[in-house]
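Geometric and topological summary
So you can see what is in the structure, the chains are spelled out below.
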Amino acid sequence: MFDVTALGEVLIDFTPSGLSQSGQRLFEQNPGGAPANVLTALANCGLKTAMIGKVGDDMHGIFLQETLKKVGIDCTGLLIDPQVFTTLAFVALSDSGDRTFSFARKPGADTMLTAEEVEQHRSKIEESRILHVGSLSLTAEPSRAATFRALQIARDQHILISYDPNYRAPLWDSEQEAIKEMRAVIPYVDVMKMSDEETELLTGIKDPKQAAQALMQDGVSLVAVTLGAQGAYVACAEGGMLVPGFKSRVVDTTGAGDSFWGGFLYSLLESGKSPKAVTLKEAVAFARFGNATAGLCVEKRGGIPAIPFLSEIRNLLASQLSGDKIS
């Protein structure tokens, strides 16, 4: 039995690490990928997790597999394909820690996962409390069909479905294609997180509060919209609330949203509540835990290496009390 199984990309984030003696930019090899980051946050909190995805049979793919195993993530569904290269993301950081991306992915191993391979590992989905997916697996075939096969398995078995759309413009042929494919997942979804930069893409509405309500009207039971340093807006059947974030010494925002969502899902699972039955007070507590997780993540470089452990999150929550503002 797994608490959460995730399907999607596992990749290398090459993040800036100063300059060489000759003045050339240095990059640090950091393991990442949004679904893998979410699983790491959950595993670091003590939950049982599994990954379904694909990497290349190369130095990066082997490194990623070893990293996830060390974290405690079940990798029997993380396939190694000798025909393709592991996806690489080169990250540029601004002075404030914000990122821009350049991808080596034509094609990347993560896009080559097939529906038949998902079917071979369907027991992981069927034995999970939550299936989590992102949107990078929707950018190309055959991984798009693989994603929808996993969603159908989960829905047929009444497994909760979590979705984080994680929009990366360079990976889509057009914004119109991204909108079509990213929105196609929503009818399957029970709990969903998106950033304030993605609200219009996913709902046609820019305002986070109105966008969250639109998703709820479309059948999503529990919604969180991350707002960067401001925290997150969370919405459930009882209404919505802005949950302020924690003050952090921002070094790198890579993995911040994924850490937030991992912390949020951990809190949801620990509550034992169905997303439809979550009260506003409980949803706020989930978001506060997620904000603390993200607040610690951004103080270190990289994705997976920066994600905090349960004891660190609890210490931060105990030391800082933030007041919630009703909206």
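Residues numbered from 1 in each chain as written. Predicted model: local features only at pLDDT ≥ 70, side-chain atom pairs only at ≥ 80, totals over all residues. Heavy atoms only, no water.

1. Remarks on unusual backbone geometry
Most peptide bonds take the trans configuration, and most residues that are not glycine carry a negative phi. The omega torsion across Lys106 and Pro107 is -10 degrees, close enough to zero to call that bond cis. By secondary structure assignment, the location of Pro107 is in the loop between β7 (99-104) and α3 (115-120). Backbone torsion omega between Glu141 and Pro142 reads 10 degrees, so that peptide bond is classified as cis. Within the secondary structure, Pro142 sits in the loop between β8 (128-133) and α5 (143-156). The phi angle at His158 is positive, at roughly 60 degrees, despite the residue not being glycine. Mapping His158 onto the fold places it in the loop between α5 and β9 (160-163). Looking at His158, the relative accessible area reads 73%, which means it is exposed. One non-glycine residue, Asn166, lies in the positive phi region at around 45 degrees. (Helix = DSSP H or I, 4+ residues; strand = E, 2+ residues; numbered from the N terminus. Buried < 20%, exposed > 50% of the residue type's maximum accessible area, 1.4 Å probe, protein only.)

2. Concerning the confidence of the model for the protein
Averaged over every residue, the pLDDT of the protein is 94; the share at 70 or more is 97%. Within the model, the stretch residues 322-327 combines pLDDT values under 50 with 17 contacts to residues more than four positions away or in other chains. (pLDDT = per-residue confidence, 0-100. Contact = heavy atoms within 4.5 Å.)

3. Considering helix α10 (residues 280-297)
Helix length check: α10 (18 residues) gives 25 Å between terminal C-alpha atoms against 26 Å at 1.5 Å per residue, within 8%. Across the 18 residues that make up α10, a large majority, 14, are buried. (Expected span 1.5 Å × (residues − 1).)

4. A word on the sheet that holds β7
Spatially, 4 strands are ordered β3-β2-β6-β7 in an open sheet, and the strand pairing comes out mixed. Looking along the sheet, the strands with just one partner apiece sit at the ends: β3 (25-32) and β7. Between one strand and the next, the sheet's axes are offset by a mean angle of 30 degrees, whatever the strand orientation. Relative to strand β6 (residues 88-93), strand β2 (residues 11-19) is paired through 3 bridges, and the arrangement is parallel. Looking across to β6, one finds that Ile12 is bridged to Leu88. (Pairing = 2+ DSSP bridges. Axes fitted to C-alpha atoms, helices over the stretch in contact; angles between N-to-C directions.)

5. A word on α5
Side chains that are three or four residues apart share a direction in an α-helix, a result of its 3.6 residues per turn. Taking 1.5 Å per residue as the helical rise, α5 with its 14 residues ought to reach 20 Å, and the 20 Å between its terminal C-alpha atoms agrees with that figure. Residues of α5 that are buried: Ser143, Arg144, Ala146, Thr147, Phe148, Ala150, Leu151, Ile153 and Ala154. Buried residues belonging to α5 abut β1 (2-7), α3, α4 (122-126), β8, β9 and α6 (175-183). Immediately downstream of α5, the backbone of His158 shows phi near 60 degrees, a positive value.

6. Here's the deal with the side chain of Arg168
Mapping Arg168 onto the fold places it in the loop between β9 and α6. One buried charge, Arg168, has no salt-bridge partner; the nearest side chain with opposite charge is Glu198, at 5.1 Å. A polar side-chain atom of Arg168 sits 3.2 Å from a polar atom in the side chain of Asn166. (Lys, Arg positive; Asp, Glu negative; His and termini not counted. Salt bridge = Lys/Arg side-chain N within 4 Å of Asp/Glu carboxyl O. Polar contact = N/O pair within 3.5 Å; in protein donor to acceptor, adjacent residues only side chain to side chain.)

7. Describing the packing of aromatic side chains
Aromatic ring pairs are reported here in terms of the distance separating the ring centres and the angle at which the planes meet. Taken as a whole, this structure holds 9 aromatic pairs when the rule is applied. Here Phe27 and Phe90 contribute two aromatic rings whose centre-to-centre distance is 5.7 Å and whose plane-to-plane angle is 90 degrees, an arrangement assigned as edge-to-face. Of the two residues, Phe27 is situated in strand β3 and Phe90 in strand β6; the sequence distance between them amounts to 63 residues. Plain terms: the ring middles of Phe260 and Phe264 are 5.9 Å apart, the flat faces sit at 35 degrees to each other, and that makes the pair tilted. Of the two residues, Phe260 and Phe264 both sit in helix α9 (residues 256-271), 4 residues apart, roughly one turn of that helix. The two residues Phe260 and Phe264 agree in class, both being buried. (Phe/Tyr/Trp six-rings, centres within 6.5 Å; stacked < 30°, edge-to-face > 60°.)

8. Topic: the side chain of Lys124
By the secondary structure assignment, Lys124 is in helix α4. Under the relative-accessibility criterion, Lys124 is labelled buried at 10%.

9. As for the pattern of salt bridges
Evaluation of the coordinates by the stated rule reveals 14 salt bridges. Residues Glu28 and Arg301 are paired through a salt bridge, measuring 3.2 Å at the closest nitrogen-oxygen approach. Placement of Glu28 in strand β3 and of Arg301 in the loop between α10 and α11 (310-319) is noted, with a sequence separation of 273 residues between them. Lys54 is the salt-bridge partner of Glu117, the closest N and O atoms lying 3.1 Å from each other. On the criterion of sequence distance, the pair formed by Glu117 in helix α3 and Lys54 in strand β4 (residues 49-56) is long-range, its members being 63 residues apart. The class for Lys54 is buried, based on a relative accessible area of 4%. Each of the salt bridges in this network shares a partner with another, and the network as a whole consists of Glu119, Arg122, Glu126 and Arg149.

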